Amino acid sequence: GLDVPGERRGVGLRPATALDLPAMAALHAANWRRDYAGLLPSVVLGGPLDDLMAALWTQQARRYHSCLVARAADRVIGFAAFDPDKAGGLYLSSLHVAAQARGTGAGRALMGAVAAIAGTNPLWLEVLCGNHPARGVYRRWGGAESAPFIDQMLGVQVESCRVTWGSGAALAQALGAASLS
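Values in this document were obtained by computation on a predicted structure and should not be read as measured data. (Residues numbered from 1 in each chain as written. Predicted model: local features only at pLDDT ≥ 70, side-chain atom pairs only at ≥ 80, totals over all residues. Heavy atoms only, no water.)

*Asks:* Can you explain the environment of Val-43? Please cite residues and give values.
*Replies:* The topology assignment puts Val-43 in the loop between helix H1 (21–35) and helix H2 (47–56). Overall, Val-43 belongs to the exposed group, its relative accessible area being 63%. With 131 residues separating them in the primary sequence, Val-43 and Ala-174 have C-alpha atoms 38 Å apart. (Helix = DSSP H or I, 4+ residues; strand = E, 2+ residues; numbered from the N terminus. Buried < 20%, exposed > 50% of the residue type's maximum accessible area, 1.4 Å probe, protein only.)

*Asks:* Break down H1 for me, with residues and values.
*Replies:* Helix length check: H1 (15 residues) gives 21 Å between terminal C-alpha atoms against 21 Å at 1.5 Å per residue, within 8%. Of the residues making up H1, those classed as buried are Leu-21, Met-24, Ala-25, Leu-27, His-28, Ala-29, Asn-31 and Trp-32. (Expected span 1.5 Å × (residues − 1).)

*Asks:* Which residues make up the nonpolar core, and what values do they have?
*Replies:* By size, the foremost hydrophobic cluster in this structure holds 58 residues, and its most contacted members are Trp-57, Met-111, Tyr-138, Trp-141 and Trp-165. Counting residues per element, this core draws most heavily on helix H4 (residues 106–118), at eight residues. Those residues within four positions of Trp-141 in sequence are excluded, and the remaining contacts are Leu-95, Gly-107, Arg-108, Met-111, Trp-165, Leu-171, Ala-174, Leu-175 and Ala-178. (Core = buried A, V, L, I, M, F, W, Y, C linked by side-chain atoms within 4.5 Å. Contact = heavy atoms within 4.5 Å.)

Encoded structure:
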């Protein structure tokens, strides 16, 4: 099993279970609708997004990712999905925190747990270039951005960049330094 740190400011982390998948799918879709409005056509943020989330967050699909959930008041307020064995290090495919839970430390706690799992291995993710709030957080946490590249989301070309940390330990150190400022 995953070694997950305990409570942080009322936020508990644990490995995701099949019972968490509907809440994870709903949170993922809600965040995409809010954060990608204006970056993706509204038509793809409707039915096509719902279809993608239904396919992505099934028990069968979850087997191919490791997932942690952040919980508060007995509900899922965030999650991280990752592949620890991807080429180039641990690949963080999803990091999402519910809008009403942002600023609670849930995202930092999830990233800290993922950093601990990565250990001395590099850690990376991809983010839309237009997602300036997320990019700002990753910069504060010491992430280095690649040059932009064209990616596909829901059949739409989008400009993205890769954010990399040299190791999980480097990210953990940056998270600690960022929490002091």
